[in-house]
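Spelled out, the chains give:
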Amino acid sequence: MAKTTLDLKGMSCPMPIMKVAAAVKKGASGDVFEAVCDDAGFEPDVHAWCKETGHTLNSLTKAGKDITVVITKK
Amino acid sequence: MSADAVQDKLKELEERLAKVEGNRANMTMVLFSGDFDKAMAAFIIANGALAMGKEVTIFVTFWGLDVLKKPTMTGAGKNVLEKMVTMMRPKGPAKLPTSKMNFAGIGPKLFHYMMGKKNVTSLQNLVDTAVEFGVRIVACQMSMDVMGIKREDLMDGIEFGGVAAFLGSSFDSNTTLFI
């Protein structure tokens, strides 16, 4: 299972979630995606995106402005 | 009810459920406004919905057509009134006015600057990204005819249609917005 890392820092809505969607779309079921973003809107967005698309949000950690999420493709 | 009747009823309900679930996959918008800020909202929502796996149709009518215009569009081959409308309306995402604080064209420049500072993607980029993700854009043929806008005046890769094209898409969607 492949792991992809995405640096989404400096981007603002809607680009972070577009980049996550594009990367996950290319991957295979079970692939893991780790993304770092410093847009404050990313946290609620990633929750809503995972809920709607059915991919699993394994973790969400915050360090300063940075929000790191780990998603597994369904 | 007989066993057959129950089977038939079950089949019917399954078909109806499939249709309802299918509708959840679609979103339709009318982009009526040619204002920069409203077009931004439309294309941010469109991109978000595409990212969430929806099929998105944007029916573009009236002033909204300004968003789709090629910057190179000219009045050539148009009658006097059409030439006037062509001259007076902005052509393409970079030239649109804002709905508030336009200040005779200074407002949009201010907003472009402020948005650039905050790394907000440009409207042109949002349109391109939506196209890349498979948005379906339908330009209103009737308003094009009224204003003398030809198919080659608008961006490539779009469709042309009327109210039924919008309604057909809207009836198959569970979200429809008018912007």
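Since we're looking at a predicted model, the values are computed, not measured.

Novice: Is there a simple way to explain the pattern of salt bridges in this structure?
Specialist: Opposite charge on two side chains permits them to pair, given that their charged atoms come into close proximity. Residue and element names in this part refer to chain A. Evaluation of the coordinates by the stated rule reveals 12 salt bridges over all chains. Salt-bridge contacts for Glu34 lead to Lys3; the nearest nitrogen and oxygen are separated by 3.4 Å. Of this pair, Glu34 sits in strand 2 (residues 32-37) while Lys3 sits in strand 1 (residues 3-7); the two residues are 31 residues apart in sequence, bridging distant segments of the chain. Since its relative accessible area comes to 22%, Glu34 is described here as partly exposed. For Lys3, a relative accessible area of 55% corresponds to the exposed category.

Novice: For this particular structure, what's the right way to read the interface of chain A and chain B?
Specialist: The accessible area lost on association of the parts is a frequent measure of interface size. Taken together, the contact pairs 13 residues of chain A with 14 residues of chain B. For the pairing of chain A and chain B, the buried interface totals around 1,100 Å² over both sides, and the portion due to carbon and sulfur atoms is 67%. For the interface between chain A and chain B, the tally reads one salt bridge. Lys54 of chain B is the salt-bridge partner of Glu52 of chain A, the closest N and O atoms lying 2.6 Å from each other. On inspection of chain A and its partner chain B, the count reaches four residue pairs in polar contact (both at pLDDT 80 or more). At the level of secondary structure, the elements contributing two or more residues to the side of chain A that touches chain B comprise helix 1 (15-26) and helix 2 (42-53) of chain A. Residue composition of the side of chain A that touches chain B, grouped by class: nine nonpolar, three polar and one charged.

Novice: Explanation requested: the nonpolar core in the structure shown.
Specialist: Side chains that are nonpolar tend, in soluble globular proteins, to be buried together. Counting 33 residues, the largest nonpolar core has Phe43, Val56, Ile58, Leu65 and Leu68 of chain B as the members making the most contacts within it. Of all the secondary structure elements, the ones that give two or more residues to this core are strand 1 (26-31), helix 2 (36-51), strand 2 (55-60), helix 3 (65-68), helix 6 (123-132), strand 3 (136-140) and helix 7 (141-147) of chain B. Counting residues per element, this core draws most heavily on helix 2 of chain B, which supplies eight residues. In this structure Leu68 of chain B touches Val60, Ile137, Ala139, Asp153, Leu154, Met155 and Ile158 of chain B, once residues within four positions along its chain are discounted. Formed by 20 residues, the second largest nonpolar core is a distinct cluster that contains Leu6, Val20 and Phe33 of chain A together with Ala51 of chain B.

Novice: Sorry, what's going on with the confidence of the model for chain B here?
Specialist: One rule of thumb: low pLDDT means the predicted coordinates there are not for detailed reading. With 100% of its residues at a pLDDT of 70 or more, chain B has an overall mean of 93. Mean pLDDT values over the elements of chain B span from 88, in helix 1 (residues 3-23) of chain B, up to 98, in helix 3 of chain B.

What counts, and at which threshold
- Residues numbered from 1 in each chain as written.
- Chains lettered and ligands numbered in written order.
- Predicted model: local features only at pLDDT ≥ 70, side-chain atom pairs only at ≥ 80, totals over all residues.
- Heavy atoms only, no water.
- Salt bridge = Lys/Arg side-chain N within 4 Å of Asp/Glu carboxyl O.
- Helix = DSSP H or I, 4+ residues; strand = E, 2+ residues; numbered from the N terminus.
- Buried < 20%, exposed > 50% of the residue type's maximum accessible area, 1.4 Å probe, protein only.
- Contact = heavy atoms within 4.5 Å.
- Buried area = accessible area lost by both parts, 1.4 Å probe.
- Polar contact = N/O pair within 3.5 Å; in protein donor to acceptor, adjacent residues only side chain to side chain.
- Nonpolar A, V, L, I, M, F, W, Y, C, P; charged D, E, K, R; others polar.
- Core = buried A, V, L, I, M, F, W, Y, C linked by side-chain atoms within 4.5 Å.
- pLDDT = per-residue confidence, 0-100.

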